[in-house]
Amino acid sequence: MGLRMKFNLAVLVAFLIGFAGSGFFLQRLFIDNARQQVLQNARIMMSSADAIRRFTVAFVEPLAETQNNTGSKFVPAAVPSFAAQTTFKDVQTRFPDFTYREPTLNPTNLTDRPSDWEADYINAFRNKPGLKELTGDRETPTGRVLSLARPIPIDNPDCLVCHSTPSAAPATMLATYGRNNGFGWQLHEVVGAQVVSVPMELPLRQAQQTFVTFMAILLAVFVIIVVILNVLLHYTVIKPVVRLSRMANAVSLGDVSVEEYERKGRDEIAVLSNSFNRMRRSIDSAMRMLDA
């Protein structure tokens with residue numbers, strides 16, 4: 001195995017180790033960054049839902065209070081949960097993979113019944129009262145989706161007017177939703193959760209494309225470096241060493257017509273060539289003395 005082969009093999013092994021290690025950590029980094037981007041979008045959606053809920057409580061609910069308590073028809077737009085979810089259903093017509101729901105274990109509106117995975121979030125909040133946020137990934141027919149969930153506790157005693165017992169609830173609400181659901185709630189009890197779901201397919205695909213592009217650039221840089229190193233190795237080391245080797249072989253066979261090899265500079269090859277030339281001249285002198 002020649003010097004060039006040994007050099008390239010050592011460089012290749014070092015590159016493969018670095019390439020594999022870099023690929024492993026960079027892929028995880030790009031995926032984590034994509035997930036954080038999706039999570040940030042989910043938090044923005046959650047903040048928007050909270051803003052709608054606060055607006056409903058501050059401005060819509062007082063206007064509809066008389067109608068809901070003594071009128072002939074219940075106004076669901078005065079309910080923060082209904083207002084937030086209905087608003088996001090309009091957004092969902094343009095972005096169908098983005099969803100916002102407020103599933104409840106014992107909902108007044110049966111459309112708010114939780115799915116199995118939503119119920120898991122709610123039960124986790126009920127079992128750990130200090131838990132404020134949960135995230136999780138799940139596979140859907142359209143790809144991976146990230147879900148962000150926050151608890152819905154009953155911290156306002158006014159909520160119990162409609163959700164403690166059917167006898168305390170407004171007649172208009174009973175006429176709209178019935179007497180069998182949405183009652184028995186307790187103060188400070190976690191009854192449901194705000195759940196935002198955001199698709200991860202596009203960010204993950206972009207992260208994968210960025211990763212592949214970066215690794216391709218890294219490979220191209222390696223190839224360029226190896227080519228440059230090989231050219232440098234050839235002209236500064238291998239070519240001079242091969243020439244010196246041939247001269248040394250000729251001199252060892254008694255060929256005194258071999259010209260001296262002059263290498264300008266102060267590098268190791270130049271020092272070696274000077275030492276070889278001195279040795280050759282010494283051998284010539286010794287041979288002439290022996291002939292005399």
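Below, the structure is looked at part by part. (Residues numbered from 1 in each chain as written. Predicted model: local features only at pLDDT ≥ 70, side-chain atom pairs only at ≥ 80, totals over all residues. Heavy atoms only, no water.)

In this section: unusual backbone geometry. Residues other than glycine seldom take positive phi values, yet His188 does so here, at roughly 70°. As for its position among the elements, His188 is in the loop between α5 (171-177) and β4 (190-199). Residue class for His188 comes out exposed when judged on its relative accessible area of 56%. (Helix = DSSP H or I, 4+ residues; strand = E, 2+ residues; numbered from the N terminus. Buried < 20%, exposed > 50% of the residue type's maximum accessible area, 1.4 Å probe, protein only.)

Bringing the packing of helix α1 (residues 3-70) against helix α6 (residues 201-252) into the picture now. Helix-helix packing is described using two parameters, namely the angle between the two axes and the distance between the axes. Where α1 contacts α6, the two axes come as close as 9 Å, and the packing angle between them is 160°. Taken together, the axes of α1 and α6 lie roughly antiparallel to each other. Crossing angle aside, the handedness with which α1 passes α6 is right-handed. Residues belonging to the contact of α1 with α6 are distributed by class as follows: 25 nonpolar, 8 polar and 1 charged. (Axes fitted to C-alpha atoms, helices over the stretch in contact; angles between N-to-C directions. Parallel < 35°, antiparallel > 145°, perpendicular 65-115°, else oblique. Left-handed = near helix turned anticlockwise from the far one by under 90°. Nonpolar A, V, L, I, M, F, W, Y, C, P; charged D, E, K, R; others polar.)

Here we come to the packing of aromatic side chains. Per the stated rule, a full pass over the model turns up 10 aromatic pairs. Each ring, one from Phe30 and one from Phe211, has its centre 6.5 Å from the other, and the planes form 70°; the classification is edge-to-face. Within this pair, whereas Phe30 is found in helix α1, its partner Phe211 is found in helix α6, the two being separated by 181 residues in sequence. Note on Phe74 and Tyr177: the rings are 5.9 Å apart at their centroids and 80° apart in plane angle, and the pair reads as edge-to-face. Of this pair, Phe74 sits in the loop between α1 and α2 (80-92) while Tyr177 sits in helix α5, placing them 103 residues apart in sequence. The exposure class of Tyr177 is partly exposed, given its relative accessible area of 22%. The structure contains a cluster of three or more aromatic residues connected by ring pairs, namely Phe15, Phe19 and Phe222. The ring of Trp117 has Arg138 sitting right over it, with the charged end atom 3.8 Å from the ring centre. (Phe/Tyr/Trp six-rings, centres within 6.5 Å; stacked < 30°, edge-to-face > 60°. Lys NZ or Arg CZ within 6 Å of the ring centre and 35° of its normal.)

We now examine α2. Compared with the 18 Å implied by 1.5 Å per residue over 13 residues, the 18 Å span of α2 between its first and last C-alpha is a close match. The complete set of buried residues in α2 reads Pro80, Ser81, Ala83, Ala84, Gln85 and Phe88. Summarising the contacts, the buried residues of α2 are in contact with α1 and β1 (99-101). (Expected span 1.5 Å × (residues − 1). Contact = heavy atoms within 4.5 Å.)

All right, on to helix α3 (residues 116-127) then. Taking 1.5 Å as the rise per residue, α3 with 12 residues should run 16 Å; its terminal C-alpha atoms sit 16 Å apart, in good agreement. Along α3, the residues that are buried comprise Glu118, Ala119, Tyr121, Ile122 and Phe125. Down the axis, α3 shows its buried residues gathered within 155° of arc, on one side only. For α3, exposure combined with an orientation more than 90 degrees from the buried face picks out Asp116, Asp120 and Asn127. (Arc of directions from axis to C-beta.)

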